[in-house]
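Notes for the structure review
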Amino acid sequence: MLEIRNLKVKLEEEDKQILKGVDLTVDAGTVHAIMGPNGSGKSTLSYVLAGREGYEVTEGSATLDGADLLEMEPEERAAAGLFLAFQYPVEIPGVGNMTFLRTAVNAQRKARGEEELSAGEFLKEIRARASMLKIDAEMLKRPVNVGFSGGEKKRNEILQMAMLQPKMCILDETDSGLDVDAMKLVAEGVNALRDEGRAFLVITHYQRLLDHIRPDVVHIMAGGRIVKTGGPELALEVENHGYADILQEVA
Amino acid sequence: MMALAQAKRAATEARLAALEIPAGGGWAARAREEALARLRETGLPARRDEYWRYTDPVALNAPAPEPAALFDPQEPMPFSEVDRLKVVFVDGVFDPEASDDLSMAGIEIERLAEAAARDIHWAKDLYGVLEARGQSPVPRPLAALNTAAATDGIVIRVTGKAPRPVALIYLHRSETSDAVLHHLVRVEEGAELTLLENGPAAARLNKVLEVDVADGGAFHHVRAQGRDHERRAATHIFARLGEKSVFKSFTLTVNGKLTRNETVIELTGDNAVAHVAGAALGDADFHHDDTVFITHDAVECESRQVFKKVLRNGAVGVFQGKILVRPGAQKTDGYQISQALLLDDDSQFLAKPELEIYADDVICSHGSTSGAIDETAMFYLRSRGVPRDEAQDLLVIAFLAEAIDEIDDEAIADDILARLQAWLARRRR
Ligand SMILES: Nc1ncnc2c1ncn2[C@@H]1O[C@H](COP(=O)(O)OP(=O)(O)O)[C@@H](O)[C@H]1O
Ligand SMILES: [Mg+2]
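These notes cover the structure that comes with them. (Residues numbered from 1 in each chain as written. Chains lettered and ligands numbered in written order. Predicted model: local features only at pLDDT ≥ 70, side-chain atom pairs only at ≥ 80, totals over all residues. Heavy atoms only, no water.)

1. Structural notes on the pattern of salt bridges
This structure, assessed with the given rule, holds 49 salt bridges over all chains. As a salt-bridge pair, Lys153 of chain A and Glu91 of chain A come within 3.0 Å of each other at their nearest N and O atoms. On the criterion of sequence distance, the pair formed by Lys153 of chain A in helix α6 (residues 150-164) and Glu91 of chain A in the loop between β6 (82-85) and β7 (92-96) is long-range, its members being 62 residues apart. Residue Lys153 of chain A is classed as buried on the basis of its relative accessible area of 16%. On the basis of relative accessibility, which here comes to 36%, the residue Glu91 of chain A falls in the partly exposed class. One salt-bridge network, in which partners are shared between bridges, spans Glu108, Arg157, Arg186, Glu188, Asp212 and Arg240 of chain B. (Salt bridge = Lys/Arg side-chain N within 4 Å of Asp/Glu carboxyl O. Helix = DSSP H or I, 4+ residues; strand = E, 2+ residues; numbered from the N terminus. Buried < 20%, exposed > 50% of the residue type's maximum accessible area, 1.4 Å probe, protein only.)

2. Some points on helix α9 (residues 233-241) of chain A
All names here are of chain A. Listing the buried residues of α9 in full gives Leu234, Ala235 and Val238. Each buried residue of α9 lies within a common arc of 105° when the element is viewed along its axis, so the set occupies one face. Set apart from the buried face of α9 by more than 90 degrees, the exposed residues are Glu233, Asn240 and His241. Here the buried face of α9 lies against β3 (31-35), α8 (207-212), β11 (217-222), β12 (225-230) and α10 (244-250). (Arc of directions from axis to C-beta. Contact = heavy atoms within 4.5 Å.)

3. A closer look at the sheet that holds β12 of chain A
All names here are of chain A. The mixed open sheet is built from 6 strands, whose spatial order is β6-β9-β10-β3-β11-β12. Edge positions in the open sheet fall to β6 and β12, since each of these has one partner strand only. The average undirected angle you get between the axes of adjacent strands in this sheet is 20°. Two elements, β11 and β12, share 5 bridges in a ladder whose sense is antiparallel. Bridging across to β12, Val218 finds its partner in Gly230. Seen against the sheet, α6 touches β6, β9 (168-172) and β10 (199-203) and runs at an angle of roughly 170° to β6. (Pairing = 2+ DSSP bridges. Axes fitted to C-alpha atoms, helices over the stretch in contact; angles between N-to-C directions.)

4. Description of the site of ligand 1
Residues and elements named next belong to chain A. In the vicinity of ligand 1, the contacting residues are Leu11, Lys16, Ile18, Pro37, Asn38, Gly39, Ser40, Gly41, Lys42, Ser43, Thr44 and Tyr55. Contact distances for ligand 1 include 2.9 Å between an oxygen atom and a backbone N or O atom of Lys42. At a separation of 2.8 Å, an oxygen atom of ligand 1 approaches a polar backbone atom of Ser43. Here ligand 1 has 550 Å² of accessible area as a free molecule, and 63% of this is covered by the chains. Per element, the largest residue contribution to the shell around ligand 1 is 3 residues, and it comes from helix α1 (residues 42-50). (Near = heavy atom within 4 Å. Polar contact = N/O pair within 3.5 Å; in protein donor to acceptor, adjacent residues only side chain to side chain. Areas by Shrake-Rupley, 256 points an atom, 1.4 Å probe, with all protein chains shown as cover.)

5. Section: the interface of chain A and chain B
Counting residues at the interface gives 30 residues for chain A, matched by 16 residues for chain B. Surface buried jointly by chain A and chain B totals about 1900 Å² across both partners, of which 67% is contributed by carbon and sulfur atoms. Counting the surface chain A buries against chain B, the share from its top three residues, Glu75, Phe86 and Val90 of chain A, is 25%. Taking the shortest distance from any N to any O, the salt bridge between Arg388 of chain B and Glu53 of chain A comes out at 3.6 Å. On the surface where chain A and chain B come into contact, there are 10 residue pairs in polar contact (both at pLDDT 80 or more). (Buried area = accessible area lost by both parts, 1.4 Å probe.)

6. So, the packing of helix α2 (residues 26-42) of chain B against helix α6 (residues 141-149) of chain B
All names here are of chain B. The N-to-C vectors of α2 and α6 enclose an angle of 150°; their axes lie 7 Å apart at closest approach. Overall, the two elements α2 and α6 adopt an arrangement that is roughly antiparallel. Considering only the axes of α2 and α6, their crossing is left-handed. Of α6, the residues touching α2 (which contributes Ala31, Arg32, Ala35, Leu36, Arg38, Leu39 and Thr42) are Pro141, Ala144, Leu145, Thr147 and Ala148. Looking at the contact of α2 with α6, its residues break down into 8 nonpolar, 2 polar and 2 charged. (Parallel < 35°, antiparallel > 145°, perpendicular 65-115°, else oblique. Left-handed = near helix turned anticlockwise from the far one by under 90°. Nonpolar A, V, L, I, M, F, W, Y, C, P; charged D, E, K, R; others polar.)

7. As for the state of the cysteines
Residue and element names in this part refer to chain B. All told, the structure shown has 0 disulfides over all chains when counted by the stated rule. With no disulfide of its own, Cys301 lies closest to Cys364 among cysteine sulfurs, the gap being 11 Å. Judged by relative accessible area, Cys301 falls into the buried class, the value being 1%. (Disulfide = S-S within 2.5 Å.)

8. Section: the side chain of His287 of chain B
Mapped onto the elements of the fold, His287 of chain B is located in strand β14 (residues 287-296). In this structure, His287 of chain B is in contact with Tyr54, Thr55, Gly256, Lys257, Leu258, Thr259, Val316 and Val318 of chain B, ignoring residues within four places of it in sequence.

9. A few points about the coordination of the magnesium ion (ligand 2)
All names here are of chain A. Those protein atoms acting as donors to the magnesium ion (ligand 2) are Ser43 (OG) and Gln87 (OE1), and they sit at 2.1 to 2.3 Å. Of this pair, Ser43 sits in helix α1 while Gln87 sits in the loop between β6 and β7; the two residues are 44 residues apart in sequence, bridging distant segments of the chain. Just as Ser43 is buried, Gln87 falls in that class too. (Donors = N, O, S within 2.8 Å, 3.2 Å for Na, K, Ca; no water.)

10. Considerations on the environment of Arg32 of chain B
Residue and element names in this part refer to chain B. Residue placement: Arg32 occurs in helix α2. With 96 residues separating them in the primary sequence, Arg32 and Gly128 have C-alpha atoms 8.0 Å apart. Dropping the residues within four chain positions of it, Arg32 is found in contact with Ile21, Pro22, Ala23, Tyr127, Thr147, Ala148 and Ala150.

11. Remarks on the pairing of strand β1 (residues 85-90) of chain B
All names here are of chain B. Across the 6 residues of β1, 5 count as buried, placing the element largely inside the fold. For β1 and strand β5 (residues 166-171), the ladder comprises 6 bridges, and the chain directions are parallel. What sits directly across from Val87, in β5, is Leu168. Pairing of β1 with strand β2 (residues 93-94) involves 2 bridges; the strand directions are antiparallel. The residue bridging Phe89 from the neighbouring strand is Phe94, located in β2. The hairpin turn running from β1 into β2, its antiparallel successor, is 2 residues long, and Asp91 in that turn takes a positive phi close to 50°.

Written out as structure tokens, the structure reads:
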């Protein structure tokens, strides 16, 4: 589903290479995890895939079901089925959460040539999904992420993912800053979406989340590259020994 | 009296020569003469005057207006869904045929000329009176000119709770019309009125609205100032507030080559509340100026100024807002915010926020900012599939929300929001 080949990325504004040749293939129906020290380029990878400005791809490619992601506008990538749960979800004062979600859902449907959801259909859908994530009506009415706690912001990301039904879901440290209960809610939200036609790329520091969302493949990223790939046991190794051993071994 | 600069005197006399002061005697004639004297004393505004540095008054002063093409946005008129009493003016002239019957319970409505023809009328104590008070410390010559020369207008006295809003509708049919309108509103003790205004009015409009709100009265005002691209306008609101009275005014402005809206409010009774808000959207040849002067002269009064402007393609926005707290006006709660969202580097926002406080136990705050679209928010919206234009519109409306929230009536606020959305949508096609 997602194919990344030798992806090299530098900052647009300064001469700083951040991704130094990333290779990654994620098949439909699988869950991949990326772990790695702070500053290794994990968020940069997710932003570049989602189409954030400020980065320059100097080499390599990234495709979603064969379509060149790097050629598309962010909204086109979203309509093509890519979703990024932000490490730091953005607050948008003045835009109601509900309005935002409805605009997003219908914009994507329109882009795919589908009929827009009626107000009634949308309401039914969002109520069901929000209650699963313990998001109440009050939170839906408030401006996007404004005044939300860290946990509420992350649950709101998962709610958006659930409403948009993307096929390639990237979660950037969705677990960081969450207490155990909130993390379980997030994990349940993700697991409810697991499906043969859908894939996940879960960026995390902790084994904890991976206890709930069981990955098929675990990658270690360091210095802008994927330096090691293995099964779920690799995450345990990081949990027990930190990154030092692995980094030394591949150095 | 200081000698007026020669250029100022010449401009003033040239304008006066082109004007026809309405005939008739009595109190109105005296009020006009006095206004004329006020105008001759200050002269018409010039770029060098302290509150005209950001806005060029030449087109507002000129003996004749520049022609303004008519524009049909092909959408329903603002407030069409609101059950209202319609008072229609065509190019600044009252049109009884197009207007509703002016009788309504709890309220007296007359044409200014009718009131002026009577020896004894309540309007005598209001016409030009608040305007004259508002001339100091800052002269407002275009308002004095208006009192001297207004040819039409409506006078409203409210004695109870008006059952429905009064809507002043200004149609623009002639490309060269020059309208001078003067309205009076007297809200008696405990009475309530909502006044709506909409329409481009004329190629050039000079309008004064004097509002006297007695103790415990409430005046709500919402206007949709549009929409002809080439129109010009100078408007003044002068308001005086009695004890525990409420005055709330909101203005939406879209299009127009030049608009100067001045609002001058005196809080003279304790515990009075005055809110003035504005949302302006300008594209290209658009210059919009909000000049506000609020004087606190009683205790425990509250005033709020909330002004937001969205500017693109070289549009210019101006905000000059002052809170003056007189000695003894303790427990004043004054708030002022003026913000511009600049959608490109060509557009410009000029702000002059001022506080002048002579009482020690007050809370007053003011802030002024101008900035571009928040790119982080933009990316977040787009990453959810919202196309750039749509995302920008969402952020524009979000930016204006604080001003629109100042409208108490939900149906009217929704109507204003619909105007905004239509304006934005026209620019997306
Ligand atoms: N916009 C940016 N400006 C400056 N430095 C950046 C920017 N984005 C990323 N970096 C740098 O790139 C490196 C990788 O960052 P990031 O992708 O956030 O890492 P991770 O998510 O793995 O912690 C860091 O050194 C970070 O400081
Ligand atoms: Mg990161």
